[in-house]
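Each chain, letter by letter, is given below.
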Amino acid sequence: CAHSNTLKMFAFTNNLSLMRTQPMPYTIEARREFLRLLAAYHSAFSALFHVLDRVPSDLSQVPSLAGGRSPAQVIAALCGSLEAGAHHYAQYERGKRFGGRYDADADKMVYINARSETDWHALTEELRTHWHHLFLAAVSADVHERPNDFRYGEWLIGLTDECVRTTRQIDAFMSAPQ
């Protein structure tokens, strides 16, 4: 059953923090590690897309998830995180270094407000588009042997973790009596 597969994926991705990559030459081991992270990212978002297909438009605006957010607000924040990840990947490709770390919590309200007028269908399509763009950027990084820079993997880990949390919240919301 799909719900059982989702739970198995959660068990797998709960251990992602143990798989943090360290800077190293792009050896076969480093490539396997990066491809494991990419597979977890793909699996997590596949599970989320399955859950999102069950959310009717009228329930997408109900503020019932963590922090009093609606499913639409949580997906808007995730869209923004994916957009930021793709931006950082592009910066890495250009050889740019960042002095600080990305502060996702500080940007969540910006992402939510920017998409406040977006309808549910358009928002979920935007999520799929951003997911796809980052997936292609990660595959390109692999092809060009760049993931020896641990930041590529860090973004996949962070986005996968955020996706798993989002999936859990929305799945619980959809499983609860309405």
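Each remark here, short or long, concerns the structure printed above.
This section reports on the structure supplied with the text. (Residues numbered from 1 in each chain as written. Predicted model: local features only at pLDDT ≥ 70, side-chain atom pairs only at ≥ 80, totals over all residues. Heavy atoms only, no water.)

Focus: the overall build of the protein
Point 1. Tallying secondary structure elements over the protein gives six helices and zero strands in all.
Point 2. If you list the helices and strands of the protein from N to C, you get α-α-α-α-α-α.
Point 3. Summed over all atoms, the accessible surface of the protein reaches about 9,100 Å², with 55% contributed by carbon and sulfur. (Helix = DSSP H or I, 4+ residues; strand = E, 2+ residues; numbered from the N terminus. Areas by Shrake-Rupley, 256 points an atom, 1.4 Å probe, with all protein chains shown as cover.)

Let's talk about the environment of Trp 131
Point 1. Assignment of secondary structure puts Trp 131 in helix H5 (residues 120–143).
Point 2. According to the relative accessible area criterion, Trp 131 is buried, its value standing at 12%.
Point 3. On a C-alpha basis, the gap between Trp 131 and His 42 in space is 8.8 Å, while along the polypeptide they are 89 residues apart.
Point 4. Residues contacting Trp 131, with those up to four places away along its chain left out, are Tyr 41, His 42, Phe 45, Phe 49 and Leu 82. (Buried < 20%, exposed > 50% of the residue type's maximum accessible area, 1.4 Å probe, protein only. Contact = heavy atoms within 4.5 Å.)

Examining the nonpolar core
Point 1. Ranked by size, the top nonpolar core spans 46 residues in total, and within it Tyr 41, Phe 45, Ile 75, Tyr 89 and Leu 127 carry the most contacts.
Point 2. Not counting residues within four places of it along the chain, the set of residues in contact with Tyr 89 comprises Phe 34, Leu 134, Ala 137, Ala 138, Tyr 152, Trp 155 and Leu 156. (Core = buried A, V, L, I, M, F, W, Y, C linked by side-chain atoms within 4.5 Å.)

Description of the packing of helix H2 (residues 28–52) against H5
Point 1. Two numbers describe how H2 lies on H5: the axes approach to 11 Å, and their chain directions differ by 170 degrees. For the element pair H2 / H5, the angle class is roughly antiparallel. Facing Arg 31, Phe 34, Leu 35, Leu 38, Tyr 41, His 42, Phe 45, Leu 48, Phe 49 and Leu 52 of H2, the residues of H5 in contact are Trp 120, Thr 124, Leu 127, Arg 128, Trp 131, Leu 134, Phe 135, Ala 138, Val 139 and Asp 142. (Axes fitted to C-alpha atoms, helices over the stretch in contact; angles between N-to-C directions. Parallel < 35°, antiparallel > 145°, perpendicular 65-115°, else oblique.)

Things to note about the packing of H2 against helix H6 (residues 150–175)
Point 1. At a minimum axis distance of 9 Å, the contact between H2 and H6 shows a crossing angle of 25 degrees. With respect to H6, the axis of H2 lies roughly parallel. H6 is crossed by H2, and the crossing has left-handed handedness. Between H2 and H6, the contacting residues are Phe 34, Leu 37, Leu 38, Ala 40, Tyr 41, Ala 44, Phe 45, Ala 47, Leu 48, Val 51 and Leu 52 on the first element and Tyr 152, Gly 153, Leu 156, Ile 157, Leu 159, Thr 160, Cys 163, Val 164, Thr 166, Thr 167, Ile 170 and Asp 171 on the second.
Point 2. Residue composition of the contact of H2 with H6, by class: 18 nonpolar, four polar and one charged. (Left-handed = near helix turned anticlockwise from the far one by under 90°. Nonpolar A, V, L, I, M, F, W, Y, C, P; charged D, E, K, R; others polar.)

Some words on the pattern of salt bridges
Point 1. Inspection of the entire model under this criterion finds seven salt bridges.
Point 2. Between Glu 33 and Arg 36 there is a salt bridge; the shortest N-O distance is 2.6 Å. Note that Glu 33 and Arg 36 are positioned in helix H2 at a spacing of three residues, about one turn of the helix.
Point 3. Arg 36 sits in the partly exposed class, given a relative accessible area of 38%.
Point 4. A salt bridge links Glu 83 to Arg 115, with the shortest nitrogen-to-oxygen separation between them at 2.9 Å. With Glu 83 in helix H3 (residues 71–93) and Arg 115 in the loop between helix H4 (104–114) and H5, this pair connects stretches of sequence that are 32 residues apart.
Point 5. Residue classification places Arg 115 among the buried positions, given a relative accessible area of 9%.
Point 6. One salt-bridge network, in which partners are shared between bridges, spans Asp 53, Glu 125 and Arg 128. (Salt bridge = Lys/Arg side-chain N within 4 Å of Asp/Glu carboxyl O.)

Quick look at the packing of aromatic side chains
Given two aromatic rings, their pairing is described by the distance between the two centres and the angle made by the two planes.
Point 1. Within this structure, the stated rule accounts for eight aromatic pairs.
Point 2. Plain terms: the ring middles of Tyr 41 and Trp 131 are 6.3 Å apart, the flat faces sit at 15 degrees to each other, and that makes the pair stacked. Separated by 90 residues along the polypeptide, Tyr 41 in helix H2 and Trp 131 in helix H5 bring together distant segments of the chain.
Point 3. Judged by centre distance (6.3 Å) and plane angle (40 degrees), the ring pair of Tyr 89 and Tyr 92 falls under tilted. Of this pair, Tyr 89 and Tyr 92 both sit in helix H3, three residues apart, which is roughly one turn of the helix. Assigned by exposure class, Tyr 89 and Tyr 92 land together as buried.
Point 4. An aromatic cluster is built from Tyr 41, Phe 45, Phe 49, Trp 131 and Phe 135, whose rings are joined through pairwise contacts. (Phe/Tyr/Trp six-rings, centres within 6.5 Å; stacked < 30°, edge-to-face > 60°.)

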